[in-house]
Amino acid sequence: MSQPQSSNQSFLGTCIGVVVVPLPTMRTIVRRRPIGWALIVIIVIAIAQGITGAASLDPADFDNAEWVQGPLQGFSIVGGPAFAIAGVAFFTAICWIMSRILGGRGSYGGLFAGFGFAYLPAMFTVPVTFMALQLDSFAQGLSGLVGFGIAVWTIVLSVFAIRENNNFSTGRAIAALFIPLVVFFVLLLALFAFVVIMILIALNDGFAP
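Rules of the game
Residues numbered from 1 in each chain as written. Predicted model: local features only at pLDDT ≥ 70, side-chain atom pairs only at ≥ 80, totals over all residues. Heavy atoms only, no water. Salt bridge = Lys/Arg side-chain N within 4 Å of Asp/Glu carboxyl O. Helix = DSSP H or I, 4+ residues; strand = E, 2+ residues; numbered from the N terminus. Buried < 20%, exposed > 50% of the residue type's maximum accessible area, 1.4 Å probe, protein only. Polar contact = N/O pair within 3.5 Å; in protein donor to acceptor, adjacent residues only side chain to side chain. Core = buried A, V, L, I, M, F, W, Y, C linked by side-chain atoms within 4.5 Å. Arc of directions from axis to C-beta. Phe/Tyr/Trp six-rings, centres within 6.5 Å; stacked < 30°, edge-to-face > 60°. Contact = heavy atoms within 4.5 Å. pLDDT = per-residue confidence, 0-100.

Caption draft 1: Geometry of the pattern of salt bridges. All chains considered together, the criterion is met by two salt bridges. Of the charged contacts, one joins E164 and R27 as a salt bridge, the two residues approaching to 2.9 Å between their closest N and O atoms. On the criterion of sequence distance, the pair formed by E164 in helix α7 (residues 137-166) and R27 in helix α2 (residues 22-32) is long-range, its members being 137 residues apart. A salt bridge links E164 to R163, with the shortest nitrogen-to-oxygen separation between them at 3.2 Å.

Below, the structure written as structure tokens:
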């Protein structure tokens, strides 16, 4: 596992750099490949989001079965990091393969580290979600708008990671990110259409004389 030989302050400095000067910081990340630090970012944010999700669970949603609420809260906190790491690893693999198809020669480790730090803006969703849980519907709608902005921010950082990892143009980096998403969306629609058709056929056979 590649890891820069430096102090914890360098890790914090990298996190600050992602927010303040994202492009040169992302360039440094994909070249130095601090995979351990990227894992820390992913795990910490996943735990924080898991705690927020656990706090939002209401026993009324489970017919007041509080014995269900506890395990779900525990799973959201403990299982969240594992799913987050697996998700980033899988998405990195897809974008890395697409980057190769488009002529890139960047490393998987560099892209994984870049995507890990691109996940950093998600930390800002935690206080916003906590506030939304305590406030009215207008504040909840505002938190959704903030969440959208953070999602766009994460996408921009991901484009930077692909661009710097492969020495791509911005347009090619965008293509490497969005082509897999479009393909996945089309496959999902095709699967949904197939399921709907099969259900309609089954219903038609059931009502046939």
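Caption draft 2: Structural detail: unusual backbone geometry. Backbone geometry at R33 places phi at a positive 55 degrees, although glycine is not the residue there. Taking relative accessible area as the criterion, R33 reaches 35% and is therefore assigned partly exposed. Although it is not a glycine, N167 sits at a positive phi angle of roughly 55 degrees. As for its placement among the helices and strands, N167 is situated in the loop between α7 and α8 (170-207). The class of N167 is exposed, set by a relative accessible area of 73%.

Caption draft 3: Geometry of helix α5 (residues 108-118). In terms of burial, α5 is a largely internal element, 10 of the 11 residues being buried. Listing the buried residues of α5 in full gives G109, G110, L111, F112, A113, G114, F115, G116, F117 and A118. Between the side-chain oxygen of the N-cap and the backbone nitrogen of G110 there are 2.9 Å, and the N-cap of α5 in question is S107.

Caption draft 4: Quick peek at the nonpolar core. Ranked by size, the top nonpolar core spans 35 residues in total, and within it V41, F112, F115, F117 and I162 carry the most contacts. When contributions to this core are tallied by element, the ones reaching two or more residues are α1 (8-20), α2, α3 (35-56), α4 (66-101), α5, α7 and α8. When residues in this core are grouped by element, the largest group, eight residues, is from α3.

Caption draft 5: Region of interest: the environment of A93. Here A93 is to be found in helix α4. Residues A93 and F112, 19 residues apart in the sequence, show an inter-C-alpha distance of 8.3 Å.

Caption draft 6: Molecular detail of α2. Along α2, the residues classified as buried are T25, M26, I29 and V30. Viewed end-on, α2 has its buried residues packed into an arc of 130 degrees, placing them on one side of the element. Note on α2: the residue one or two positions beyond its end, R33, has a positive phi of about 55 degrees.

Caption draft 7: Focus on the packing of aromatic side chains. Taken as a whole, this structure holds six aromatic pairs when the rule is applied. A ring pair is formed by Y108 and F112, whose centres lie 6.4 Å apart and whose planes are at 25 degrees; its orientation type is stacked. On the criterion of helical spacing, the pair formed by Y108 and F112 is a turn pair, its members being four residues apart in helix α5. When its relative accessible area of 31% is taken as the criterion, Y108 is described as partly exposed. Under the relative-accessibility criterion, F112 is labelled buried at 6%. An aromatic cluster of three or more residues is present, and its members are F11, W37 and F117.

Caption draft 8: Structural context of the side chain of S158. Note that S158 resides in helix α7. Dropping the residues within four chain positions of it, S158 is found in contact with F115, A118 and L177.

Caption draft 9: Spatial organisation of the confidence of the model for the protein. With 76% of its residues at a pLDDT of at least 70, the protein reaches an overall mean of 83. Within the model, pLDDT remains below 50 along residues 1-8, and this stretch shows 17 contacts once partners closer than five positions in the same chain are excluded.

Caption draft 10: Main features of the environment of P24. Residue placement: P24 occurs in helix α2. Separated by 136 residues in the primary sequence, P24 and F160 place their C-alpha atoms 9.2 Å from one another.

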